[in-house]
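One letter stands for each residue in the lines below.
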Amino acid sequence: MKIEYEIKVVRKMINLYCRQKEGNRETCHGCEELAEYAENRLQHCPFGDAKGSCRHCKIHCYRPDMRDRIKKVMRFSGPRMLIYHPVMAIRHLTGK
């Protein structure tokens, strides 16, 4: 259940990035590819629902290029999530 929620959060962050940073009305191919990759990685996380933040994980399951892309998205979207999706952002930050 936690993994499914994390997938929703990541998708929201990617959509926010694509809309506001890249200026797209619809999610572009590159951002959709990143969202699908992140979803796949989350679904196959060896820690399952007991997972913590990917930033502090000892196992980095993202390819280096995708890891760089998701970092850019999170740096941009993270603060904005407090405005557009405040409950989701706070829940994500607290890990609950």
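Refer to the structure printed above.
Residues numbered from 1 in each chain as written. Predicted model: local features only at pLDDT ≥ 70, side-chain atom pairs only at ≥ 80, totals over all residues. Heavy atoms only, no water.

With that settled, consider the overall build of the chain. The number of helices and strands found in the chain is 4 helices and 0 strands. In summary, the chain has a C-alpha radius of gyration of 13 Å against a globular reference of 12 Å for 96 residues, a match within 12%. Structurally, the chain occupies a C-alpha span of about 35 × 30 × 20 Å along its principal axes. Of all 96 residues assigned to the chain, the portion counted as buried reaches 29%. Put simply, of all contacts in the chain between residues at least 6 apart along the chain, 70% involve residues at least 24 apart. Surface summary for the chain: the accessible area is close to 6,600 Å², and the carbon and sulfur share equals 54%. In the chain, 20 side chains carry a positive charge and 11 a negative one; their mean positions are 8 Å apart. (Helix = DSSP H or I, 4+ residues; strand = E, 2+ residues; numbered from the N terminus. Rg over C-alpha atoms; globule rule 2.2 N^0.38 Å. Buried < 20%, exposed > 50% of the residue type's maximum accessible area, 1.4 Å probe, protein only. Contact = heavy atoms within 4.5 Å. Areas by Shrake-Rupley, 256 points an atom, 1.4 Å probe, with all protein chains shown as cover. Lys, Arg positive; Asp, Glu negative; His and termini not counted. Charge placed at Lys NZ, Arg CZ, Asp CG, Glu CD.)

A complete count under the given rule lists 0 disulfides for this structure. Left unpaired, Cys-18 is separated from the closest cysteine sulfur, that of Cys-31, by 3.7 Å. The class of Cys-18 is buried, set by a relative accessible area of 1%. Note on Cys-45: no disulfide assigned, nearest cysteine sulfur contributed by Cys-61 at a separation of 6.2 Å. (Disulfide = S-S within 2.5 Å.)

All right, on to the packing of aromatic side chains then. Throughout the structure, instances matching the rule amount to 2 aromatic pairs. Ring plane angle 85 degrees and centroid distance 5.6 Å describe the contact between Tyr-17 and Phe-76, whose orientation is recorded as edge-to-face. Taken as a pair, Tyr-17 in helix α1 (residues 2-20) and Phe-76 in helix α3 (residues 64-84) lie far apart in primary sequence, 59 residues in all. With 5.5 Å between their ring centres and 80 degrees between their planes, Tyr-37 and Tyr-62 make a pair best called edge-to-face. Separated by 25 residues along the polypeptide, Tyr-37 in helix α2 (residues 29-43) and Tyr-62 in the loop between α2 and α3 bring together distant segments of the chain. The same class applies to Tyr-37 and to Tyr-62, which are both buried. Sitting over the ring of Phe-76, Arg-80 keeps its end group 3.7 Å from the ring centre. The ring of Tyr-5 is capped by Arg-91, whose NZ or CZ atom sits 3.7 Å from the centre of that ring. (Phe/Tyr/Trp six-rings, centres within 6.5 Å; stacked < 30°, edge-to-face > 60°. Lys NZ or Arg CZ within 6 Å of the ring centre and 35° of its normal.)

A word on the packing of α2 against α3. Look at α2 against α3: their axes get within 11 Å of each other, and the N-to-C directions meet at 105 degrees. Overall, the two elements α2 and α3 adopt an arrangement that is roughly perpendicular. Facing Gly-30, Cys-31, Glu-33, Leu-34 and Tyr-37 of α2, the residues of α3 in contact are Met-66, Arg-69, Ile-70 and Val-73. Residue classes in the contact of α2 with α3 are distributed as 6 nonpolar, 1 polar and 2 charged. (Axes fitted to C-alpha atoms, helices over the stretch in contact; angles between N-to-C directions. Parallel < 35°, antiparallel > 145°, perpendicular 65-115°, else oblique. Nonpolar A, V, L, I, M, F, W, Y, C, P; charged D, E, K, R; others polar.)

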